[in-house]
Amino acid sequence: MNKTPFSLAPEYRDYVWGGARLRPEVVPTAEAWIIFAGNRITSGPYAGRALSDLSLEFGVDLLGTKAVAQTGNRFPVLVKILDCAQWLSLQVHPNDEQAQKLEGEGLFGKTEAWHVLEAKLNAELVAGIKPNVSAEQLTAAIQSKSESILELVEKVKVTAGDTLFMHPGTVHALGPGMLIYEIQQTSDITYRVYDWGRPETETRKLHIDKAVAVSNPNAASLPVKPPQMEDGEVTTLTQCQYFQLDEIRVEKKTVRLETRGESFHGVTVIEGQVQVSAEGEAFVLNKFETLLIPACCGAYQITAVTEESSSKSQCITPKGCNDYRTRLIRSKIPKG
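Keep in mind that this is a model prediction, so the values were computed, not measured.

> Any chance you could explain the overall build of the protein chain here in plain terms?
When its secondary structure is counted, the protein chain shows 7 helices and 22 strands. For the protein chain, the spread of C-alpha atoms along the three principal axes comes to 65 × 45 × 35 Å. The burial tally for the protein chain puts 55% of its 336 residues in the buried class. Excluding contacts between residues fewer than 6 apart, the proportion of contacts in the protein chain whose partners are at least 24 apart in sequence is 74%. Element-wise, carbon and sulfur atoms account for 48% of the exposed surface of the protein chain, whose accessible area totals about 14600 Å².

Next up, the structure:
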């Protein structure tokens, strides 16, 4: 496989709760799927092909030894940016065993994590069930299909920089006024519990029986506050057996990273502009742009783009290159 990193074309979802930040010309736009099996490659020798095709053809060279050990040649994660202008449905996801039992062999559960990119004042979300609620109480509330479930859920206030890890079985919902970076297993199995009074339609059904089967009254999540980071530092925000989410701070220092053949790396700029260099090529990324580094790439480096550095680069100079505060999110498969 060619070792050069490549960019991906986002795919968008226009759900009712979406806003205007992802695609101002198409409102509402709820989600941008920025790293997933169905993405089309937009640069390099594989331009035009689907990421799923490359996964099947190149396997460990693209995905890495850790990913292939878990999910074979199937692309193992789904990464989104969500623009929440209204409440998302109250929902719950199955684990791997439950997914196969309820949906069929070969399917995965949905363990996920959220990193809050932007949040309005007093923004809140639902992240589990209040203490001392029994399974019987939760089942009755779900089966009622009514707002009575809202008396049992735990609402949490969040601010930009917070990270939350969501175990399968956690009843949850994102609230209005947030922009979220979400990573999850390569699954989009969602069981809706309550949809804030919106009428059920063919595309927005409630899934009462399945939600009852997988909901855990003891599952909840609290936000982890953003770490204090220095220039050139890489910090893990959250990780599990399925994925690892890191924040990278780049100002004046160069950050040197290495895939070691263990996992692909997906890097997304969340503030500022950067240049990613690997295999003799350089890529300039603006805010919310993503580059996928194949596992076989090996070493690569990241530098902040400034007026001085961009004048020396042969890459396209991005807008606002006087922004020296630069942060990235990196998605990969963890060690061990």
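> Would you explain the layout of surface pockets in this entry?
A water-sized probe rolled over the atoms picks out the places where empty space is left. Put simply, the largest pocket is a space of about 490 Å³. Lining the largest pocket are 23 residues, with L8, P10, F288, E289 and T290 sitting closest to its centre. Of all the secondary structure elements, the ones that give two or more residues to the lining of the largest pocket are strand 1 (6-9), strand 3 (31-35), strand 19 (281-285) and strand 20 (290-293). In terms of residue count, strand 19 provides more of the lining of the largest pocket than any other element does, 4 residues in total.

> Whenever I open this one, the side chain of T235 confuses me. Can you help?
In this fold, T235 is placed in strand 14 (residues 234-239). According to the relative accessible area criterion, T235 is buried, its value standing at 17%. Beyond its immediate sequence surroundings of up to four residues, T235 is in contact with P227, M229, L245, D246 and E247.

> I would appreciate a short explanation of the sheet that holds strand 5 (residues 77-84) in the present structure.
Note on sheets: strands pair through backbone hydrogen bonds, and any given pair is parallel or antiparallel. Strand order in this open sheet of 6 strands is 2-3-5-12-7-10, and the pairing throughout is antiparallel. In this open sheet, the two edge strands, each paired with only one partner strand, are strand 2 (11-13) and strand 10 (163-166). Here the strands of the sheet are splayed against their neighbours by 25° on average, with no regard to which way each runs. Bridge count for strand 7 (residues 112-119) against strand 10 is 4 bridges, and the pairing is antiparallel. Paired with E112 across the two strands is M166, which belongs to strand 10.

> Even after reading the chapter, I still don't get unusual backbone geometry, so can you show me in this structure?
Peptide bonds are mostly trans, and most non-glycine residues show a negative phi. Cis geometry marks the peptide bond from V27 to P28; its omega dihedral reads 5°. Locating P28 in the fold gives a position in the loop between strand 2 and strand 3. The backbone phi angle of R260 is positive, close to 55°, even though this residue is not glycine. The residue R260 is located in the loop between strand 16 (255-258) and strand 17 (265-271) in this model. Overall, R260 belongs to the exposed group, its relative accessible area being 58%.

> Even after reading the chapter, I still don't get the pattern of salt bridges, so can you show me in this structure?
Pairing is possible between side chains of opposite charge, provided their charged atoms come close. For the coordinates displayed, the defined rule picks out 23 salt bridges. E118 is paired through a salt bridge with R21; the nearest N and O atoms lie 3.0 Å apart. Of this pair, E118 sits in strand 7 while R21 sits in the loop between strand 2 and strand 3, and the two are 97 residues apart along the sequence. In this structure E118 comes out as partly exposed when scored by relative accessible area, which is 28%.

> Would you mind showing me how to read helix 4 (residues 96-103) here?
Helical periodicity: at 3.6 residues per turn, an α-helix aligns residues three or four positions apart in one direction. With a side-chain oxygen positioned 3.2 Å from the backbone nitrogen of E97, the residue opening helix 4 is N95. Count one or two residues on from helix 4 and you reach G104, which has phi positive near 130°.

> In this structure, what is going on with the packing of aromatic side chains? I would like to understand it.
The relative placement of two aromatic rings is captured by the distance of their centres and the angle of their planes. Under the criterion given, the structure shown has 7 aromatic pairs. Residues W33 and F36 carry aromatic rings whose centres are separated by 5.0 Å and whose planes lie at 85° to one another, so their mutual orientation is edge-to-face. By relative accessible area, which is 8% here, W33 ends up buried. With relative accessibility at 12%, the residue F36 sits in the buried group. Aromatic ring contacts, followed pair by pair, group W87, Y194 and W196 into a single cluster. Positioned above the aromatic ring of W33 is the side chain of R13, whose terminal nitrogen or guanidinium carbon lies 3.9 Å from the ring centre.

> Is there a simple way to think about the pairing of strand 22 (residues 326-332) in this case?
Moving residue by residue along a regular strand, the side chains alternate between the two faces of the sheet. For strand 22, the tally of buried residues reaches 7 of 7 residues, placing the bulk of the element in the interior. Residues T326, L328, R330 and K332 point to one face of strand 22 and R327, I329 and S331 to the other, with burial holding for every one of them. Examined bridge by bridge, strand 15 (residues 244-250) and strand 22 share 7 bridges and lie antiparallel to one another. Looking across to strand 22, one finds that R249 is bridged to R327. Summarising the sheet, strand 17 and strand 22 pair through 5 bridges and their orientation is antiparallel. Its bridge partner being in strand 22, E271 is matched across the sheet by R327.

Procedures and definitions
- Residues numbered from 1 in each chain as written.
- Predicted model: local features only at pLDDT ≥ 70, side-chain atom pairs only at ≥ 80, totals over all residues.
- Heavy atoms only, no water.
- Helix = DSSP H or I, 4+ residues; strand = E, 2+ residues; numbered from the N terminus.
- Buried < 20%, exposed > 50% of the residue type's maximum accessible area, 1.4 Å probe, protein only.
- Contact = heavy atoms within 4.5 Å.
- Areas by Shrake-Rupley, 256 points an atom, 1.4 Å probe, with all protein chains shown as cover.
- 1 Å grid on protein atoms, 1.4 Å probe; cavity = no way out; pocket = protein on both sides within 12 Å on 5 of 7 lines; lining within 4 Å.
- Points joined across faces, edges and corners; volume = space filled by probe spheres on them.
- Pairing = 2+ DSSP bridges.
- Axes fitted to C-alpha atoms, helices over the stretch in contact; angles between N-to-C directions.
- Salt bridge = Lys/Arg side-chain N within 4 Å of Asp/Glu carboxyl O.
- Polar contact = N/O pair within 3.5 Å; in protein donor to acceptor, adjacent residues only side chain to side chain.
- Phe/Tyr/Trp six-rings, centres within 6.5 Å; stacked < 30°, edge-to-face > 60°.
- Lys NZ or Arg CZ within 6 Å of the ring centre and 35° of its normal.

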